[in-house]
Amino acid sequence: MNNESDFKTPSDMTHQKKRFGNVMIVGLGMIGGSFAKALKERGLATLYGVDRRNGEVALGVSTGVIDYPAELSADYVAKMDVIILATPVRAMESVLSDLKPLLSSTTLLTDVGSTKGSVVEAARRVFGEVPTHFIPSHPIAGAEKSGVLAANSLLFEKHMAIVTPLPDSDPVLLDCLHRLWKAVGADVVSMDVEHHDHVLASSSHLPHLLAYTLVDALASSERSQDIFKFAAGGFRDFTRIASSDPVMWRDVFMANKEATLATLDHFTDRLADMRTAIEQGDGASMFGVFTRAKSARDHFLRLLELRTIGSIEEVRSVSVTVLPASAIKGKISLLGDKSLSHKAITMASLSQGVSNIKNIDLTGDVRVTVQAFRDMGVVIEEIATDQLRVHGVGLQGLKAPIAPINVHQSRDSLHLLIPVLAGQQFPVTVTAEGELLSQSMKELFDLARKMGGQLESSVTDCLPVYLSPGTPSDVSIRLETGSERLRMAALLAALYSPYEGVLEVLEPCLSHSEVLLRQFGADIRETNSGFHIFSKPLTGADFILSGDVSKTAWLVLLAALSPGSDLVIQNACLGAVSSGYLEFLQSIGANISLNPLNGDEVYEGSVEGGFAELKAFTLLPAQTYRLREELPLLCVAAAYAKGESKIQGISALPYYDEDRVLSLVDALNHMKVACRYQSGDLIIEGGVPQGGEVDCVGDDRLALAMLALGVRSKASTKVNDCQKLLEEFNGLEHVAKQLGFHCSVA
C-alpha cells in the first residue's frame, strides 16, 4: 500500500513527541477521520491512517486529517501507542485477525463501533479471550455524511463517549482511553457491554430502523409523489437519519440483533395500543401517551442543553414601583388559591374517574405539580387558562417517571409528592433546586418512613432523596407543628393505610385539606384530637376553587391602609387560617366584614374592606406561630398603626418564616420605620414610612408586604427582585389597575 520509507520512526521524531504518541486510525470514514483531525489540530498525537480505499488515505494526508499513510504491518503497528478501529462492525473480526500477530500488550486498542457485544465476541474468537489492552468504546456523535472529507474536528465536543471496559481491562490503558476521549471534547462515561447495546438499540438503532422503514413504505405507496411533494419540516426532521450509510446500518442491525428485537417488540406493543386507541376513539389514552412523550422529550432536550451550553441560567432583574396615595376600590374575583390548586391537582390525579377543576391558578410553581403527575402518566388537559380536566389513575395507579422528579423550589409540590410516591410500587428519586437542597426534611421524610417507604440521601434527610416502596402499614401520626403543608402530607400518608390511618393535630378544627379530600369522597372522621382516615378509593369531582388566600390578605390590608378604599372580594377563601388573619385585623380596628356562604364545609364567601386607622397590638407567641404565613403583612400593619406594636416568639418560628420577617425588618429600617428586634421579639413604632428602594430577595410574599409598605409612604417605593412575584401573581398589573393600586413593573 505504502513504501516502508514513508514511515517516520519515534527516534526520528523525538523532539516532536506528542501527549498520546503515535496513533493509528484504521478506517478513515467520518468518525475515524474526525477523531484523527481532532487529535491532530489539538497537537495531541502523530496520526497514521489505514484504509482499504487508497484514495481515502491520500485525501486524509492532503487535507491534513492525518500526518502519514500506513498499513497493518509489523513495522507500523509495533510503533503505535494507540490504535483506533473505525471500520464497520462486521469487519472488526477481520481487522483483529490481521492485528493479532503484530500487537504489543502495551498498545491501547479500542474501537468506535455502535455495538459492543459483537465486537467483544469477535475479539474472543480471534484471541481466545479479550486482550487486556483491548477496551471497546463508542462516541455518541455522527452525521449523515461519510468519508474522510466529512471529518469534523469538533464532532465530539459536548457529546457523550461511552467506554465499555471488561473485568480484566488494563487500568492504566483504561485511564488513557478516558483521557483520550476527554481530550477531543467528549463527556466520558463507563457502561457495561450488554447495557450499552440495549441502551443504543433504543436510543439510536430503533429510530434509524423506523426512519428507513417509514420512507421505504411511503416511497412504495401509490401516492408517493404527492406525499413527498407536500411533506413539511416534520417529515424532513423525522426521516433525516434515513440518509445515513445503508451498509453501516445493515451491519449494525445484524450485529446487535437481540437487543434490537427486544426494543422493537416493546415498541410494536405500544404501537398496537395506539392503534386500538385510535380505532376506539379513546382520546384520553392518546392524550396520555402524547403528554408522557412530550415530557420525556423535554427532559431529553434539557439534558442535551446542559451538555451543549452548560447550566447557565439567565437572571432577569424585575422591580415593581409603588406610588403613594392609592385608593383600593372595586369588586373582584380572584384566581383559585395556590395551595388549594396544588392539592386539587394531587387529589384529582389520585382519584378514579375524571375531575373538572375550575378557577385554578396555573401560574408559578403549580406547574411543577402538574408536570410531576404528567411525568407519572396522569392525563391533565388544560381546557382553559383557569380550568383543568384531570383523568385520575387511582391512589396506586401512577407510573414510574423516566427521570427524577424535580420539584424545583416548590415546597407545596414536595410535601404533596413525598407521601404519594411512598405509596406507589416503584422507586423514584426526588430532587430540587436552590434552598430546598440544603434544608432538612426530616418531619416530611419521617411520614414516608411510617408508610413503610425506604429513603436514601447523601446528606441525611436532605434532597435529593431516593425513595423505594416497602410494605404498606396503617399509620398513626402525631404532628408537633401547625404546618398546613405537613398536615396535608400527613393526610395523604394516612390515605395509603391498608385499613385506617390516625392523625393527631395541634388544631383539630377542620381545614381546607379535609374539606377538599371529602369532596373527592375520602372517609375522614373527626375526633377530639384530630382525624381518622379510613381506606377508600377517591372518586373524581367537579368544583370551583375559591380565591387565593395570600392575595386576599394583601388586598384587604391595602384597603385598610388606603383612605377612600371600598373593596369587595367576591370569592374569598375563608378557612381557619385566612379568617384568623382577617379577624385579627378587625380586632385592631380594620374596617372589614366577612360574609361566609354555606356552612362549615364550604370555606368561601365575600370580604368587604375599607380604610380605618389601625391600633397598635401585641401578638403572643402562639398567635405569632398561627399567623406566621401573614406575619410580613402584620408587620406592615404595625408600621402604620398608632403606637408601639410587639410581635413575640419570632425566634421560635420555622427558620424560613423567621428569615422572611428579618428581611422585612431591614426594609422597615431602610424606610425609616422605628423598629428593633431583641430576644426573639419584634417591636415596631407606628408612623408613616419614608419610601425608598428595597429588595425582596426573590420572595413573593415578602414582595407583597413591601408593596403594601409603600402604599401610603412619603415617597415612592421600589421593590427589587420581583421575578418570583410576577410568576406567582402574573395578573398583578391587571388587578392593580382594576382596583386603583398605583404600581408599575420594570
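Quick notes on the rules
Residues numbered from 1 in each chain as written. Predicted model: local features only at pLDDT ≥ 70, side-chain atom pairs only at ≥ 80, totals over all residues. Heavy atoms only, no water. Salt bridge = Lys/Arg side-chain N within 4 Å of Asp/Glu carboxyl O. Buried < 20%, exposed > 50% of the residue type's maximum accessible area, 1.4 Å probe, protein only. Core = buried A, V, L, I, M, F, W, Y, C linked by side-chain atoms within 4.5 Å. Helix = DSSP H or I, 4+ residues; strand = E, 2+ residues; numbered from the N terminus. Contact = heavy atoms within 4.5 Å. Axes fitted to C-alpha atoms, helices over the stretch in contact; angles between N-to-C directions. Parallel < 35°, antiparallel > 145°, perpendicular 65-115°, else oblique. Left-handed = near helix turned anticlockwise from the far one by under 90°. Nonpolar A, V, L, I, M, F, W, Y, C, P; charged D, E, K, R; others polar. Pairing = 2+ DSSP bridges. Right-handed = clockwise from strand over helix to strand, strands pointing away. 1 Å grid on protein atoms, 1.4 Å probe; cavity = no way out; pocket = protein on both sides within 12 Å on 5 of 7 lines; lining within 4 Å. Points joined across faces, edges and corners; volume = space filled by probe spheres on them. Expected span 1.5 Å × (residues − 1). Phe/Tyr/Trp six-rings, centres within 6.5 Å; stacked < 30°, edge-to-face > 60°.

1. Considerations on the pattern of salt bridges
Evaluation of the coordinates by the stated rule reveals 32 salt bridges. With a shortest N-O distance of 3.0 Å, K116 and D111 are connected by a salt bridge. The residues K116 and D111 share a single accessibility class, namely buried. Three or more residues are tied together by salt bridges with common partners; here these are K442, D446, R449 and D461.

2. With respect to the nonpolar core
One finds L350, F373, V407, I418 and V430 to be the most contacted residues of the largest nonpolar core, which totals 75 residues. A total of nine residues in this core trace back to one element, the largest contributor, which is helix α17 (residues 484-495). With sequence-adjacent residues up to four places away left out, L350 is seen in contact with F373, G394, L395, L398, V420, L492, Y496 and L538. Counting residues in each nonpolar core, the second largest holds 74 residues, with F584, L619, L668 and L702 among its members.

3. A look at the packing of helix α15 (residues 411-422) against helix α16 (residues 442-450)
Running from amino to carboxyl end, α15 crosses α16 at an angle of 20 degrees, the nearest separation of the two axes being 8 Å. One element, α15, and the other, α16, form an angle in the roughly parallel class. In this structure, the crossing between α15 and α16 has a hand that is right-handed. Contacts between α15 and α16 pair L414, H415, I418, P419 and A422 from the former with L444, F445 and A448 from the latter. Across the contact of α15 with α16, the residue classes break down as seven nonpolar, one polar and no charged.

4. With respect to the pairing of strand β7 (residues 160-163)
Summarising the sheet, strand β6 (residues 137-139) and β7 pair through three bridges and their orientation is antiparallel. Bridge pairing in β7 places S137 opposite V163. This β-α-β element, β7 to helix α6 (residues 171-183) to strand β8 (residues 187-190), shows right-handed connectivity.

5. Section: empty space enclosed by the protein
Empty space among the atoms can be located by rolling a probe the size of a water molecule over them. Throughout the structure, instances matching the rule amount to two cavities of 30 Å³ or more. Of the volumes computed, that of the largest cavity is approximately 60 Å³. Forming the walls of the largest cavity are S550, W554, E629, E630, P632, L633, R701, L704 and A705. Listing elements by their share of the lining of the largest cavity, those giving two or more residues are α19 (549-561), α22 (631-640) and α24 (700-709). Of the residues forming the lining of the largest cavity, the biggest block, three residues, is contributed by α24. When the residues that make up the lining of the largest cavity are grouped by side-chain class, the tally is five nonpolar, one polar and three charged.

6. Focus on helix α11 (residues 257-279)
When the terminal C-alpha atoms of α11 are compared, their 32 Å separation across 23 residues agrees well with the 33 Å that a helix rising 1.5 Å per residue should span. Count one or two residues on from α11 and you reach G281, which has phi positive near 65 degrees.

7. Details of the packing of aromatic side chains
Tallied over the entire structure, the rule returns ten aromatic pairs. Plain terms: the ring middles of Y499 and F534 are 6.1 Å apart, the flat faces sit at 80 degrees to each other, and that makes the pair edge-to-face. One end of the pair, Y499, is in the loop between α17 and β19 (500-504); the other, F534, is in strand β21 (residues 530-534), and 35 residues separate them in sequence. For the ring pair Y655 and Y656, a centre distance of 5.5 Å and an interplane angle of 75 degrees mean the geometry is edge-to-face.

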